[in-house]
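Structural overview for review
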Amino acid sequence: MLQTIFYGLTIGGILYIISIGLSLTFGAMGIVNFSHGLIYAIGAYTIYAVMAKMGINFILGAVIAVLVSIPFSYIIEKYVIRRLYGESIDYAIIATYAVLLIGVDAIKWIWGASPLPISDPVGISIQFLTMEMPLYRLIIIGLTLLILIGLSLFFKKTIIGKIIIAGLGDREAVRGLGIRLDKYFAIIFILGSALAALGGVLYSPISTLHPYMGFHILILCFAVVIVGGMGNLRGTAIAAFSLGLVMAITGRIWGPAAEAMVYVVMAFVLMIRPIET
Amino acid sequence: MRMIKRLERSPTLILAVITAGFIIFGYSTSILKITDFIIFCIYVLGYDLLYGHMGRLSFGHMLYLGAGAYGTALCAKYLSSNVFLAILCGILFGAAIGGILGPILIRTKGACFALLNLAFNQVGHFLVLVPLAKITGGEDGISLHFTGYRFLDFSNIHQLFFLSLISLILVAFLIIKFTHSPYGILLKGIKENETRVNFLGYNTYRYKLITFVLSTTIAAFAGALTTLNYNYANPSFIDPHRSVEVIFATLMGGAGSVLGAVIGGAAFMTISNYLPRYILRWEMFLGLALLIIAFKFRKGIWGYIREI
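What counts as what
- Residues numbered from 1 in each chain as written.
- Chains lettered and ligands numbered in written order.
- Predicted model: local features only at pLDDT ≥ 70, side-chain atom pairs only at ≥ 80, totals over all residues.
- Heavy atoms only, no water.
- Helix = DSSP H or I, 4+ residues; strand = E, 2+ residues; numbered from the N terminus.
- Rg over C-alpha atoms; globule rule 2.2 N^0.38 Å.
- Buried < 20%, exposed > 50% of the residue type's maximum accessible area, 1.4 Å probe, protein only.
- Contact = heavy atoms within 4.5 Å.
- Areas by Shrake-Rupley, 256 points an atom, 1.4 Å probe, with all protein chains shown as cover.
- Core = buried A, V, L, I, M, F, W, Y, C linked by side-chain atoms within 4.5 Å.
- Axes fitted to C-alpha atoms, helices over the stretch in contact; angles between N-to-C directions.
- Parallel < 35°, antiparallel > 145°, perpendicular 65-115°, else oblique.
- Left-handed = near helix turned anticlockwise from the far one by under 90°.
- Polar contact = N/O pair within 3.5 Å; in protein donor to acceptor, adjacent residues only side chain to side chain.
- Buried area = accessible area lost by both parts, 1.4 Å probe.
- Salt bridge = Lys/Arg side-chain N within 4 Å of Asp/Glu carboxyl O.
- Nonpolar A, V, L, I, M, F, W, Y, C, P; charged D, E, K, R; others polar.
- Phe/Tyr/Trp six-rings, centres within 6.5 Å; stacked < 30°, edge-to-face > 60°.

1. Thoughts on the overall build of chain A
When its secondary structure is counted, chain A shows eleven helices and four strands. For 277 residues, the compact-globule estimate of 2.2 N^0.38 gives 19 Å, and the C-alpha radius of gyration of chain A, at 18 Å, lies within 12% of that figure. Structurally, chain A occupies a C-alpha span of about 60 × 45 × 35 Å along its principal axes. Every one of the 277 residues in chain A was classed for burial, and the buried ones make up 56%. Partitioning the intrachain contacts of chain A with sequence separation of at least 6 by distance along the chain shows that 75% fall at a separation of at least 24. Of the accessible surface of chain A, which amounts to about 11600 Å², a share of 69% is contributed by carbon and sulfur atoms.

2. A few points about the nonpolar core
In globular proteins that are soluble, nonpolar side chains generally tend to be buried together. Of all hydrophobic cores here, the largest spans 200 residues; its most connected members are A:Phe34 and B:Phe22. Of the residues forming this core, the biggest block, 15 residues, is contributed by helix α3 (residues 31-53) of chain B. Setting aside residues up to four positions removed in sequence, A:Phe34 forms contacts with A:Ile93, A:Thr96, A:Tyr97, A:Leu100, A:Phe215, A:Leu218, A:Phe222, B:Phe59, B:Leu115 and B:Leu118.

3. Looking at the packing of helix α1 (residues 2-29) of chain A against helix α8 (residues 181-203) of chain A
Residue and element names in this part refer to chain A. Viewed as axis vectors pointing N to C, α1 and α8 meet at an angle of 160 degrees, and their least axial separation amounts to 8 Å. In terms of axis orientation, α1 runs roughly antiparallel to α8. Seen from above, α1 lies across α8 with left-handed handedness. For the pair α1 and α8, the contacting residues are Ile14, Ile17, Ile18, Ile20, Gly21, Leu24, Thr25, Ala28 and Met29 in the first and Phe185, Ile188, Phe189, Gly192, Leu195, Ala196, Gly199, Leu202 and Tyr203 in the second.

4. Let's talk about the side chain of B:Thr204
Residues and elements named next belong to chain B. With respect to the helices and strands, Thr204 occurs in helix α11 (residues 204-230). A relative accessible area of 4% places Thr204 in the buried class. Among the polar contacts made by the side chain of Thr204, one reaches the side chain of Asn198 at a distance of 3.4 Å. Apart from residues lying up to four places away in sequence, Thr204 is in contact with Ile190, Glu194, Val197 and Asn198.

5. Details of the interface of chain B and chain A
Counting from both sides, the interface comprises 38 residues of chain B and, opposite them, 43 residues of chain A. Summed over both sides, the interface of chain B with chain A buries roughly 3800 Å², with 77% coming from carbon and sulfur. Linking chain B with chain A are two salt bridges, by the criterion used here. The partner of A:Asp105 in a salt bridge is B:Arg281, with the nearest N and O atoms 3.4 Å apart. Taken together, the connections running from chain B to chain A amount to four residue pairs in polar contact (both at pLDDT 80 or more). Taken together, the residues of the side of chain B that touches chain A sort by class into 28 nonpolar, five polar and five charged.

6. Quick look at unusual backbone geometry
Even without glycine at this site, B:Asn231 takes up a positive phi of about 65 degrees. Relative to the elements of secondary structure, B:Asn231 occurs in the loop between α11 and β2 (232-233).

7. Focus on the packing of aromatic side chains
Evaluated as defined, the whole model comprises 28 aromatic pairs over all chains. Here the aromatic rings of A:Phe6 and A:Tyr7 are separated by 6.0 Å at their centres, their planes lie at 75 degrees, and the arrangement is edge-to-face. A relative accessible area of 6% places A:Phe6 in the buried class. Given the relative accessible area of 29%, A:Tyr7 is considered partly exposed. Ring geometry for B:Tyr27 versus B:Phe161: centroids 5.9 Å apart, planes at 85 degrees, classification edge-to-face. Residue B:Tyr27 is found in helix α2 (residues 11-28), and its partner B:Phe161 is found in helix α8 (residues 157-179); the two are separated by 134 residues along the sequence. For B:Tyr27, a relative accessible area of 42% translates into the label partly exposed.

Keep in mind that these numbers describe shape and distance, not what the molecule does.
As structure tokens, then:
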């Protein structure tokens, strides 16, 4: 049981890292960003390419993967997202989904459609009480906590973070103070995307790579964002870890149902709680 | 120009144009393929009722198509060999799914509505693939053999073609009647500003639910016909990845009008059937086309014809 909770926390941590960008993009710009899944997949495939083809070690590979994702998210922000400000949400969904489609096909073009495995970069397990814990998963949980603390400091202490929080609350008032919100939203968009790429890097050794991995995880992350409340940072964190636990516990009882259970939980949450937007 | 205006006002003329268009299209190319096109157009019409008329974008409408397809296939396999009973079973199954999920879904709108539909579609896809695999055949699906009913013979492609065409005309007629009634105007009102419609004393929840269930029912009808046409039902009929096709078709034709939906459906099927022969990277092409539509071509084909 303890091990199940431990696995759930790992999944929850990764879900949190990926969802944070989605939640921010939604809260700040009112855009449902499907291209987030593409950045996630780019992160995962880059680390595969760097590790398997060039033989660079995992940590340096992770840094490269995150760096590689930044120009992509910059291009997406500049040419797609920025044009969607204030537009109907339907077109935002369609346009970002189109970006995802193009990216998925490009991945298929380069790496082929078959799944690719990445081995555990640490490969050591720690004996704790009666259970065996892969060190890699412990590192993920630690890293997630670091990001959680780092982000909350960023939003509380730095001026950029404060402006963004204010912009999430009342866009017009912040603009009225003469602050160019678009620029700040672009910064958090890229920050969120870089975290998604990191999520892709971290998750790839636990799962396998396939071109539709971005689409797949994205639906889970949307569930996290919907349950946690869109643009609500603390809610996102709580929702990510609880849904991660739901996945792990369901997966222990009956493997294939793990993901379906997340949506069932989401439906229940929606029935109980009134929905904004 | 005047002709287009006249065409728009007269339902009989619209239906006549659709019928004539598909018969000419069908007999000049391949009946087998055009039957598929017609069925897809029914699906687009149902979707357009939800998106074009009420302004709710669903990102998981394949679920309802799949419900119809599997409802029909399961009924034909386990219950009765009567084709019409099987189709009815599929339609009712789709309506039931809409009726169960509707009360949860319809309270949301915008992104939430789109994503919830997607999530439920994912659950449906999973249910068909894993827990119900013993009944639904899992990855392989169900293959069937429809014999016919009295003088009707469903292995005859011409009969199937006309059955689909009549269904399309029926659905189109229904939607024209609906949208030209006070109910249709109310839907437009909900699309533009729901609060005001509420304020006028209408129970918008009820109208939204009716529209949603109607849309799922039409999608299920299209699913039932798809099963009849292909003689099988497999998980690709309920695959959430394919949900984007119907959105693309609706937008390409022009959302919010019957002719737009039919033109969009036919145009999308033409592209997806003939273009992959020449274009290797089909998804990339679809993505680029969607981007162009989202930024530059929002009115769709019919929207532009109308403005000439």
